[in-house]
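Coordinate analysis (summary)
What follows is each chain in one-letter form.
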Amino acid sequence: MALSIGIVGLPNVGKSTLFNAMLKSELAEAANFAFTTIDPNVGIVEVPDERLEKLAEIEKSGRIVPATVKFIDIAGIIAGAHKGEGLGNKFLAHIREVDAIAMVVRTFENKDVIHVAGDFDPKNDIETIMTELVLADMETLEKRISAVEKEARAGEKFASTKLAAYKKVQAKFENSRPAIEADLSDEEKELLKEANFLTLKPFLYIFNVSENKVGEDPADLIEEYGLNELVEKKQATVISARIESELNSLSDLDREEYLSELGLEEPGLNRLIKSAYKTLGLVSFFTAGEMEARAWTIKNGDKAPAAAGKIHNDFEKKFIKAEVVAYDDFVHPVRDNVGDSSTAKKGTEISNGARLGGWKGAKEQGKMRLEGKDYAVKEADVLFIHHG
């Protein structure tokens, strides 16, 4: 399944404009009034990865299949959403279905675009949305604590551990902070999955900036707007929704030139996806062969059977071993020691397969390893799974 990211924010911060730009479409209606988006707009985008083309070239793959991210443009939130104000109930229900929350924060001035609170204030906007999410979670928390206290009195297994975890979350909520900041262990997070807290999801922040600030470092904006206690640099991406829209109307060559003029190496979508991978602790691994070259997304530290399960559920259950080659070893040609007269005199030859890389070359050069169930798959590993 694709990684799913819910795009949220106050009304008129540029969510739908940004969504359309990322999807290169007009799926989401964008207008200058609140609640333009009612039902969520959903779009799938490919994760840009130039490494796949090289893999496909070497293995003569029939097709290239990138990893994907599902973006969901969710209705704007206002104060009181947790009580159903605006489109609150629908908003909250849609957020519960995503893996991560990307909060669009308006940092541009435009008198023609109405801000629901009057003047834009990034810090206040973030706090408003976070408060609504926390208040919605508090209602869930109260019900869960009551139920778990009964379980604890009945002596049920894990009840006391679960109750302690809920108390940690409660302490954060009392300070209007999200559950994800509660310093929970992996065991505690697993036990709290039953609550499906909105604020236990990872947060990303998209600073929707004016054109003259599109090249700014996220850290500078965090400092400028006093967001140090709310946002970490790795969570933040600076994007101009307007520029992203303009990029879509350009040819590939014109797009590269425009990005260069702006001092950018890549479009905002690419930077957002990288930020998401970093914040969520995700890595990519590859499979490559005659049929296809394909990217897969897993959590950093996942073992080989879990990676195999991304390809097919049965592969995880019946996993035997994995052939593993690091991407660099898979694609980089082996040098012939050109210019080394001593080697040349000996007439040393390197086979075509080794020179071209790929599975054949990697095996000939001793770069392919056999790994078992305890192997933690690394970023850019190329895998071939053996299963029962």
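Note that the structure is a prediction, hence the values are computed from the model and not measured. (Residues numbered from 1 in each chain as written. Predicted model: local features only at pLDDT ≥ 70, side-chain atom pairs only at ≥ 80, totals over all residues. Heavy atoms only, no water.)

**What to know about the packing of aromatic side chains**
The criterion, for reference: Pairing of aromatic rings covers Phe, Tyr and Trp, the last through its six-membered ring, and needs centres within 6.5 Å; plane angles under 30 degrees mean stacked, over 60 mean edge-to-face, and all others mean tilted. Runs of E in the DSSP output that reach at least two residues are strands. Runs of H or I that reach at least four are helices, and both are numbered from the N terminus. Think of it in three bands: with a 1.4 Å probe and only protein chains considered, a residue is buried below 20% of the maximum accessible area for its type, exposed above 50%, and partly exposed in between. In our convention, an over-ring charge means Lys NZ or Arg CZ found within 6 Å of a ring centre and within 35 degrees of that ring's normal.
All told, the structure shown has seven aromatic pairs when counted by the stated rule. Judged by centre distance (5.2 Å) and plane angle (90 degrees), the rings of Phe330 and Trp359 are edge-to-face. Of the two residues, Phe330 is situated in helix α13 (residues 327-331) and Trp359 in helix α16 (residues 358-364); the sequence distance between them amounts to 29 residues. A residue is classified by how much of its surface remains accessible, and Trp359, at 10% relative accessible area, is buried. A centroid spacing of 6.4 Å and a plane angle of 80 degrees characterise the contact between Trp359 and Phe384, whose relative ring orientation is edge-to-face. One end of the pair, Trp359, is in helix α16; the other, Phe384, is in strand β12 (residues 381-387), and 25 residues separate them in sequence. Judged by its relative accessible area of 43%, Phe384 is partly exposed. These aromatic residues form a ring-pair network of at least three members: Tyr166, Phe173 and Phe197. Taking NZ or CZ as reference, Arg51 lies 6.0 Å from the ring centre of Tyr327, over its face.

**Some remarks on the packing of helix α4 (residues 122-153) against helix α5 (residues 159-173)**
Formally: Axis definition: a line fitted to C-alpha atoms, limited for helices to the stretch in contact. Angles are taken between N-to-C directions and run from 0 to 180 degrees. Here the angle decides the label: under 35 degrees means roughly parallel, over 145 means roughly antiparallel, 65 to 115 means roughly perpendicular, and every other value means oblique. Handedness of a helix crossing follows the sense of rotation of the near helix relative to the far helix, less than a right angle counterclockwise being left-handed and clockwise being right-handed. Whether two residues are in contact is decided by their heavy atoms, any of which lying within 4.5 Å being enough. In this classification, the charged set is Asp, Glu, Lys and Arg, the nonpolar set is Ala, Val, Leu, Ile, Met, Phe, Trp, Tyr, Cys and Pro, and all remaining amino acids, among them Gly, are polar.
For the pair α4 and α5, interaxial distance at closest approach is 10 Å and the crossing angle is 155 degrees. If you check the angle between α4 and α5, you find them roughly antiparallel. Every pair of crossing elements has a handedness; the one defined by α4 and α5 is left-handed. Where α4 approaches α5, its residues Val134, Asp137, Met138, Leu141, Arg144, Ile145, Val148, Glu149, Glu151 and Ala152 are matched on the opposing element by Ala159, Lys162, Leu163, Tyr166, Lys167, Gln170 and Phe173. Considering only residue class, the contact of α4 with α5 consists of ten nonpolar, one polar and six charged.

**Considering α5**
As a reminder, the rule being used: For a helix, the expected span equals 1.5 Å multiplied by the number of residues minus one. Here, the arc refers to the directions that run from the helix axis to the C-beta atoms.
Counted at 1.5 Å a residue, the expected span for α5 with its 15 residues is 21 Å, and the 21 Å between its end C-alpha atoms agrees. Ala159, Lys162, Leu163, Ala165, Tyr166, Val169 and Phe173 are the residues of α5 that are buried. Along the long axis of α5, the arc covered by the buried residues comes to 160 degrees, so they all point the same way. Looking at the buried residues of α5, the elements they touch are α4 and α6 (186-191).

**Brief notes about the side chain of Arg271**
Rule in force here: Two residue types count as positive, namely Lys and Arg, and two as negative, namely Asp and Glu; His and chain ends fall outside the count. Counted as salt bridges are all cases of a side-chain nitrogen of Lys or Arg within 4 Å of a carboxyl oxygen of Asp or Glu.
Examined against the element boundaries, Arg271 turns out to sit in helix α10 (residues 268-280). An unpaired buried charge is present at Arg271: no salt bridge exists, and Glu244, the closest side chain of opposite charge, is 4.2 Å distant. What Arg271 contacts, discounting residues up to four positions off in sequence, is Thr237, Val238, Ile239, Glu244, Leu264 and Glu266.

**Section: the pairing of strand β10 (residues 319-326)**
Stated precisely, the cut-off is as follows: For two strands to be treated as a pair, DSSP must find at least two bridges joining them.
With seven bridges joining them, β10 and β12 adopt antiparallel strand pairing. Among the inter-strand pairings, Val324 is bridged to a residue of β12, identified as Leu383. Across three bridges, β10 lies against strand β11 (residues 369-371) in antiparallel orientation. Note on β11: the bridge partner recorded for Glu323 is Leu370.

**A closer look at the nonpolar core**
As a reminder of what qualifies: Put simply, buried Ala, Val, Leu, Ile, Met, Phe, Trp, Tyr and Cys residues joined by side-chain atoms within 4.5 Å make one nonpolar core.
Membership of the largest hydrophobic core comes to 91 residues, with the highest contact counts inside it found for Ile5, Leu55, Phe71, Met103, Phe207 and Phe330. At nine residues, the largest contribution of residues to this core is made by α4. Apart from residues lying up to four places away in sequence, Met103 is in contact with Val8, Ile126, Ile129, Met130, Phe203, Leu204, Tyr205 and Ile206.

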